[in-house]
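# Observations on chain architecture
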Amino acid sequence: QVQLVESGGGSVQAGGSLRLSCAASGRTFSAYIMGWFRQVPGKEREFVAAIEWSGGSTYSADFVKGRFTISRENAKNTVYLQMNSLKPEDTGVYYCAATRGSRWYDRDDVDYWGQGTQVTVSS
């Protein structure tokens, strides 16, 4: 069992920045791939970025490359998503996720979800 708690969402103007945090706990959660998905109004939940907890390898969707960075702090059991150059189309609910399988981009393979945190970007 893994528990995930997100924080750091809020409202910013286009071009601004936010840092999301995901605090994780539970037995053997360090063996999972940790990541972020988002739900944009009118669309299905989509992959944003992922990080291998133990090895540190990262993956990201094309639409965030060069703007968003995923990282981890092992001592705090926390994963971060640094979001820069935010655009209005980034508005949505961002969810932390834990996946034991290798399909880090597939929402259907996610084993545990956080409750989500709202990000709003105004033009």
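Refer to the structure above for everything that follows.
From a predicted model like this one, the values you see are computed outputs, not experimental measurements.

### Considerations on the nonpolar core
- Core analysis: the largest hydrophobic core is formed by 28 residues, its most contacted members being Leu-4, Met-34, Trp-36, Leu-81, Met-83 and Tyr-94.
- Listed by contribution, the elements that provide at least two residues to this core are β1 (2-7), β3 (18-26), β4 (33-39), β5 (46-52), β7 (68-73), β8 (78-83), β9 (92-99) and β11 (117-122).
- Broken down by element, this core gets its largest block of residues, 4 residues, from β3.
- Once residues lying within four places of it in the same chain are set aside, the contact partners of Leu-4 are Cys-22, Ala-23, Ala-24, Met-34, Cys-96, Ala-97, Ala-98, Tyr-112, Trp-113, Gly-114 and Gln-115.
- Ile-33, Phe-37, Ala-50 and Val-110 belong to the second largest nonpolar core, which has 7 residues in total.

### Looking at the pairing of β9
- Counting buried residues along β9, 7 of its 8 residues qualify, which places the element largely inside the surrounding structure.
- In the sheet, β4 pairs with β9 via 7 bridges, with the strands oriented antiparallel. In the strand pairing of β9, Arg-38 is matched with Tyr-94.
- Where β9 meets β11, 3 bridges bridge the pair, whose relative direction is antiparallel.

### Description of the packing of aromatic side chains
- Applying the stated criterion across every chain yields a total of 7 aromatic pairs.
- Note on Trp-104 and Tyr-105: the rings are 5.0 Å apart at their centroids and 85 degrees apart in plane angle, and the pair reads as edge-to-face.
- Judged by relative accessible area, which is 23%, Trp-104 ranks as partly exposed.
- Residue Tyr-105 is classed as partly exposed on the basis of its relative accessible area, which comes to 41%.
- The rings of Phe-37, Phe-47, Tyr-59, Tyr-95, Trp-104, Tyr-105 and Trp-113 are connected pair by pair, giving a single aromatic cluster.
- Over the face of the ring belonging to Tyr-95 we find Arg-45, whose NZ or CZ atom lies 3.7 Å from the ring centre.

So, how was this worked out
Residues numbered from 1 in each chain as written. Predicted model: local features only at pLDDT ≥ 70, side-chain atom pairs only at ≥ 80, totals over all residues. Heavy atoms only, no water. Core = buried A, V, L, I, M, F, W, Y, C linked by side-chain atoms within 4.5 Å. Buried < 20%, exposed > 50% of the residue type's maximum accessible area, 1.4 Å probe, protein only. Helix = DSSP H or I, 4+ residues; strand = E, 2+ residues; numbered from the N terminus. Contact = heavy atoms within 4.5 Å. Pairing = 2+ DSSP bridges. Phe/Tyr/Trp six-rings, centres within 6.5 Å; stacked < 30°, edge-to-face > 60°. Lys NZ or Arg CZ within 6 Å of the ring centre and 35° of its normal.

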